[in-house]
Amino acid sequence: MNINGKKILVVGGGAGIGAGIAYEAAMQGAEVAIADLSATALDEIGGRIRAAGKTVHTCPVDIGSDESVAAMGQWCEREMGAPDLLLVTVIEYLSSFSGLDDMDIAGWKRSFEVNFFGYIRVLEHVLPAMRARGTGTVALTASTVALLPDPTAAVLMRYKSIKHAMLGFSQALAIALEGSGLRSVCFCPSLTATPGAIDNLRSSGLPGVESILDIAATVEDVARYFLSELEKEEFLICAHAGYREQLVELASEQLDPAPFIARHFPSSPSQA
């Protein structure tokens, strides 16, 4: 999909990767609608796009709320109709941090309520109009950690589980949409230098975390990569360099994370 002239709804586009993609898409000629929990973030990204002379619509939404998401769906229909691209990038980082000492089921439920079921809510209220039109792309954000292991899994057990679930759901959606004129894309960014990711990982206390953070990509690079790869009409968009070869490597060892981490993260405390 070339996004010039297309209508794009970015849910979670107030900051981070979502904001980066919304801005870049607008610069490339898309009509952009952005929904986010933070009114302040919406004002900031909306102002940047308008200052550049581009079209943008903004709407507050809490994807943990059925009523809020339903209202967002109605707003999108009024403002621009069914989007050509629906991109959901929401992640509530604090609720997704957990390790061996945090198996509290209530916490796990809260994290999935926004970070997984919130995506389903969005689809409930936006996908029907896209299906009725018979064209469009749905891009749901998982993560490189849904494909490849790394040491942060020790403090991101909920996050990793949620992103695996999103990858599996995106695959199921691709099969279900076959022949409908719509397609499902799973977007797997690599570690990206957003405040949410960097600040929370740094405060996690994970030994050796600084060496992991050193490889973080910029938001701008990830946004441009996503939009360029979107034109290839492929299911997986993964911003992690060398992931194809590393997936083969991982499969050759029965998906065992330990030897993979030992080779690719030799300074990890588990390898000391």
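Residues numbered from 1 in each chain as written. Predicted model: local features only at pLDDT ≥ 70, side-chain atom pairs only at ≥ 80, totals over all residues. Heavy atoms only, no water.

Caption draft 1: Here's a closer look at the overall build of the chain. The number of helices and strands found in the chain is 12 helices and seven strands. Evaluated residue by residue, the chain yields a buried proportion of 51% over its 272 residues. Here the analysis covers contacts within the chain between residues at least 6 apart in sequence; of these, 71% occur between residues at least 24 apart. For the chain, the computed accessible surface area is about 12,200 Å², with 56% contributed by carbon and sulfur atoms. (Helix = DSSP H or I, 4+ residues; strand = E, 2+ residues; numbered from the N terminus. Buried < 20%, exposed > 50% of the residue type's maximum accessible area, 1.4 Å probe, protein only. Contact = heavy atoms within 4.5 Å. Areas by Shrake-Rupley, 256 points an atom, 1.4 Å probe, with all protein chains shown as cover.)

Caption draft 2: Examining the environment of E253 more closely. Positionally, E253 belongs in the loop between α11 (243–252) and α12 (257–264). What makes E253 partly exposed here is its relative accessible area of 27%. If we ignore the near neighbours within four places in the chain, the residues touching E253 are P259, F260 and R263.

Caption draft 3: Representation of the packing of α11 against α12. Put simply, α11 and α12 touch, their axes get as near as 9 Å, and they point 135° apart. As judged from the angle between their axes, α11 and α12 are oblique. In this structure, the crossing between α11 and α12 has a hand that is right-handed. Along its contact with α11, which presents Q246, E249 and L250, the element α12 presents F260, R263 and H264. Tallied by class, the residues present in the contact of α11 with α12 amount to two nonpolar, two polar and two charged. (Axes fitted to C-alpha atoms, helices over the stretch in contact; angles between N-to-C directions. Parallel < 35°, antiparallel > 145°, perpendicular 65-115°, else oblique. Left-handed = near helix turned anticlockwise from the far one by under 90°. Nonpolar A, V, L, I, M, F, W, Y, C, P; charged D, E, K, R; others polar.)

Caption draft 4: Region of the structure containing unusual backbone geometry. Unlike most non-glycine residues, Q254 shows phi in positive territory, near 60°. By the element assignment, Q254 lies in the loop between α11 and α12. Positive phi values are uncommon outside glycine, yet L255 reaches one of about 65°. Following the sequence through the fold, L255 ends up in the loop between α11 and α12.

Caption draft 5: Main features of the packing of helix α5 (residues 105–115) against helix α7 (residues 157–176). For the pair α5 and α7, the least separation of the axes is 10 Å and the interaxial angle reads 40°. The angle between the axes of α5 and α7 places the two elements in the oblique class. The interaxial crossing formed by α5 with α7 has right-handed handedness. For the pair α5 and α7, the contacting residues are G107, W108, S111, F112 and N115 in the first and M157, R158, S161, I162, A165 and M166 in the second.

Caption draft 6: Local environment of the pairing of strand β2 (residues 31–36). Summarising burial for β2: five of the six residues are buried, a large majority. As defined by bridge partners, strand β1 (residues 7–11) adjoins β2 across five bridges and the pair is classed as parallel. Bridged to I8 within β2 is V32. For the handedness criterion, the β-α-β arrangement of β1, helix α1 (residues 16–27) and β2 is classed as right-handed. Taken together, β2, helix α2 (residues 39–51) and strand β3 (residues 56–60) form a β-α-β motif whose crossover is right-handed. (Pairing = 2+ DSSP bridges. Right-handed = clockwise from strand over helix to strand, strands pointing away.)

Caption draft 7: How the structure looks around α7. Compared with the 28 Å implied by 1.5 Å per residue over 20 residues, the 29 Å span of α7 between its first and last C-alpha is a close match. Those residues of α7 not exposed but buried are R158, Y159, K160, I162, K163, M166, L167, S170 and L173. Buried-residue contacts for α7 involve α4 (93–96), α5, α6 (117–133), β5 (136–141) and β6 (182–188). (Expected span 1.5 Å × (residues − 1).)

Caption draft 8: Looking closely at the pattern of salt bridges. Taken as a whole, this structure holds nine salt bridges when the rule is applied. The residue R121 makes a salt bridge to D66 at a minimum N-O spacing of 2.5 Å. Within this pair, whereas R121 is found in helix α6, its partner D66 is found in helix α3 (residues 66–79), the two being separated by 55 residues in sequence. The partner of E249 in a salt bridge is R263, and the shortest N-O contact between them spans 2.8 Å. One end of the pair, E249, is in helix α11; the other, R263, is in helix α12, and 14 residues separate them in sequence. Here the salt bridges do not stand alone but share partners, grouping D66, E113 and R121 into one network. (Salt bridge = Lys/Arg side-chain N within 4 Å of Asp/Glu carboxyl O.)

Caption draft 9: Quick peek at the sheet that holds β5. Ordered in space as β3-β2-β1-β4-β5-β6-β7, the seven strands form an open sheet in which the pairing is parallel. Of all the strands in the sheet, just β3 and β7 (236–238) have a single pairing partner and so form its edges. Taking each pair of neighbouring strands and ignoring which way they run, the sheet shows an average axis angle of 15°. As paired elements, β5 and β6 share six bridges and run parallel to each other. When the sheet's bridge partners are listed, T137 is paired in β6 with R183. Sheet strands in contact with α1 are β1, β2, β4 (85–88) and β6, and its direction is about 165° off that of β2. Strands β1, β2 and β3 of the sheet are contacted by α3, whose axis makes an angle of about 160° with β3.

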